[in-house]
Amino acid sequence: MTLLIGALSIGLILSLLALGVFLSFRVFAFPDITADGSITLGAAVAATLLVRGVDPVLATAAAFVAGMLAGAATGTLHTRFKINGLLSGILVMTALYSVNLHVMGKSNVPLLSSTTLVTRAERAVVSLMGGATSFNLLGWEVAARDAGALAASFAAIVMVAAILYAFLRTNLGTAMRATGDNDQMVRALGVSDKTMITMGLSLSNGLVALSGALLAQYQGFADVQMGIGMVVWGLASVIIGEALVGVRQLGPVITGTIMGSVLFRLLVAIALRWGLNPNDLKLITALFVFLALIVPRFIGRGFTGKSGRKKSQAAHA
């Protein structure tokens, strides 16, 4: 049960990363790999403030703002200086490694003695249970910390997803989505596509950094290496989410992205439980995304080929 609750909690936290990747890769069709650096930036900013006694809510909000600044830097390099989108992300991601080290002052910042959102959630659960630090659920012993972290993660994700959905349906959000679909049309309507891209990448990396801040508080530490391969993780979650919902409407896609992140984390937890070498996790994730990207093409070609043969046979008949 502890493994299941932990997987659900991390899956929910990383769904913020998936939503950020969804914005950049799907809404704007922008190959932004800044996320590998901005998720660590969010963790670094939050952890550094927490160990200095800053309120966890303010520390988490500061991490979100820091991520937005990182995304804005990528967008500015691309739109103002005409640097290739992928290269812009690489430049900012590389720079963020040094920035994160300067923010933390060392490669790892523990939060074991700091007050975090998770410890607050744990105290709330303990208070509700009359001082008990664990309870029985369907015959399984569940710690108050695990239950509190899961409940807090779920509440946070629901709130963020609702705000994101509402924002993307506003005039500004619609203009951002239209920029990803057809930037020439947006420019013809008098809207600056450069501004829309920069704002979109800012929002995307803000969500990614928010995920990093929550992940650091859940794990109890921030590490300078924790962002490696996170873009692929987010993309895998988006792909799974799209397969689950099977539609392109905004609400179901956001819900599917969250579900994809949770399901992917559960699959990883099961694989590790069954003996998967943790050193192979990133390799397996990359292979999964590779297959998820190419298999639909072969399936589509197969259907196209069959349809073409049928039309040819009908014409000859």
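That block above? That's the structure.
Thresholds applied
Residues numbered from 1 in each chain as written. Predicted model: local features only at pLDDT ≥ 70, side-chain atom pairs only at ≥ 80, totals over all residues. Heavy atoms only, no water. Helix = DSSP H or I, 4+ residues; strand = E, 2+ residues; numbered from the N terminus. Rg over C-alpha atoms; globule rule 2.2 N^0.38 Å. Buried < 20%, exposed > 50% of the residue type's maximum accessible area, 1.4 Å probe, protein only. Contact = heavy atoms within 4.5 Å. Areas by Shrake-Rupley, 256 points an atom, 1.4 Å probe, with all protein chains shown as cover. Lys, Arg positive; Asp, Glu negative; His and termini not counted. Charge placed at Lys NZ, Arg CZ, Asp CG, Glu CD. Core = buried A, V, L, I, M, F, W, Y, C linked by side-chain atoms within 4.5 Å. Phe/Tyr/Trp six-rings, centres within 6.5 Å; stacked < 30°, edge-to-face > 60°. Lys NZ or Arg CZ within 6 Å of the ring centre and 35° of its normal. Pairing = 2+ DSSP bridges. Patch = residues over 30% accessible without salt bridge, like charges linked within 9 Å, V, L, I, M, F, W, Y side chains within 5 Å. Salt bridge = Lys/Arg side-chain N within 4 Å of Asp/Glu carboxyl O. Expected span 1.5 Å × (residues − 1). Arc of directions from axis to C-beta.

Our next topic: the overall build of the protein. When helices and strands are tallied, the protein shows 12 helices and four strands. Its C-alpha atoms give the protein a radius of gyration of 21 Å, within 12% of the compact-globule value 20 Å for 317 residues. Seen along its three principal axes, the alpha-carbon backbone of the protein occupies a region of about 80 × 50 × 40 Å. Counting over 317 residues, the protein shows a buried share of 44%. Once local pairs closer than 6 in sequence are excluded, the contacts in the protein between residues at least 24 apart make up 77%. Looking at the protein as shown, the accessible area adds up to about 15,700 Å², and 66% of this sits on carbon and sulfur atoms. Of note, the protein has its 22 positive side-chain charges centred 10 Å away from the centre of its 12 negative side-chain charges.

Looking now at the nonpolar core. Ranked by internal contacts, the top residues of the largest apolar core, which has 64 residues, are L14, L17, L23 and L164. Mapped onto this core, the elements with two or more residues apiece are α1 (2-27), α2 (35-51), α6 (144-168), α7 (171-181), α9 (193-219), α10 (230-245), α11 (250-273) and α12 (281-316). The contact partners of L164, leaving out residues within four places of it in the chain, are L19, L23, L203, L207 and I254. Of all hydrophobic cores here, the second largest spans nine residues; its members include L41, A63, A70 and V92.

This brings us to the packing of aromatic side chains. Tallying each qualifying case throughout the model produces two aromatic pairs. When the ring of W233 is compared with that of F264, the centres are 4.9 Å apart and the planes differ by 70 degrees; the resulting orientation is edge-to-face. Of this pair, W233 sits in helix α10 while F264 is found in helix α11, placing the two residues 31 residues apart along the sequence. The two residues W233 and F264 agree in class, both being buried. Within the aromatic cluster, the residues linked to one another by ring pairs are W233, F264 and F288. The residue whose ring lies beneath R145 is Y218, and the NZ or CZ to ring-centre distance is 5.4 Å.

With that settled, consider unusual backbone geometry. A positive phi angle, near 50 degrees, is found at A29, a position not held by glycine. You can see A29 is positioned in the loop between α1 and α2. A residue is classified by how much of its surface remains accessible, and A29, at 57% relative accessible area, is exposed. We note that K82 has phi near 60 degrees; this positive angle belongs to a residue other than glycine. Here K82 shows up in the loop between α3 (56-79) and α4 (85-104). For K82, a relative accessible area of 60% corresponds to the exposed category.

Within a regular strand, the side chains alternate between the two sheet faces. With four bridges joining them, strand β2 (residues 134-137) and strand β3 (residues 140-143) adopt antiparallel strand pairing. Residue N136 lies in a different strand from β3, and its bridge partner there is E141. Between β2 and the antiparallel strand that follows it, β3, lie two residues; L138 among them carries a positive phi value of about 55 degrees.

Here we come to the side chain of S211. Relative to the elements of secondary structure, S211 occurs in helix α9. What makes S211 buried here is its relative accessible area of 0%.

With that settled, the discussion passes to the environment of M185. Note on placement: M185 falls in helix α8 (residues 183-188). C-alpha separation for the pair M185 and I157, spaced 28 residues apart in sequence, amounts to 33 Å.

The subject of this paragraph is a nonpolar patch on the surface. A cluster of nonpolar residues, L86, L87, I90 and L91, forms a patch on the protein surface that exposes about 300 Å² of accessible area. Among the secondary structure elements, L86 is positioned in helix α4.

Taking 1.5 Å of rise per residue, 12 residues should cover 16 Å, and helix α5 (residues 117-128) covers 17 Å from first to last C-alpha, within 8% of that figure. Within α5, the full set of buried residues consists of V118, A121, V125 and V126. Buried residues in α5, looked at end-on, bunch into an arc of 140 degrees, giving them a common side. Of the exposed residues in α5, those oriented more than 90 degrees away from the buried face are R123 and S127. On its buried side, α5 packs onto α6 and α9. Where α5 ends, the next residue or the one after it, G130, has phi of about 70 degrees, a positive value.

On to the environment of F221, then. Of note, F221 is situated in strand β4 (residues 221-223). Once the C-alpha coordinates of F221 and N108 are considered, the two residues, 113 residues apart in sequence, prove to be 7.0 Å apart. Residues contacting F221, with those up to four places away along its chain left out, are N108, V109, P110, L111 and A216.

Keep in mind that these numbers describe shape and distance, not what the molecule does.
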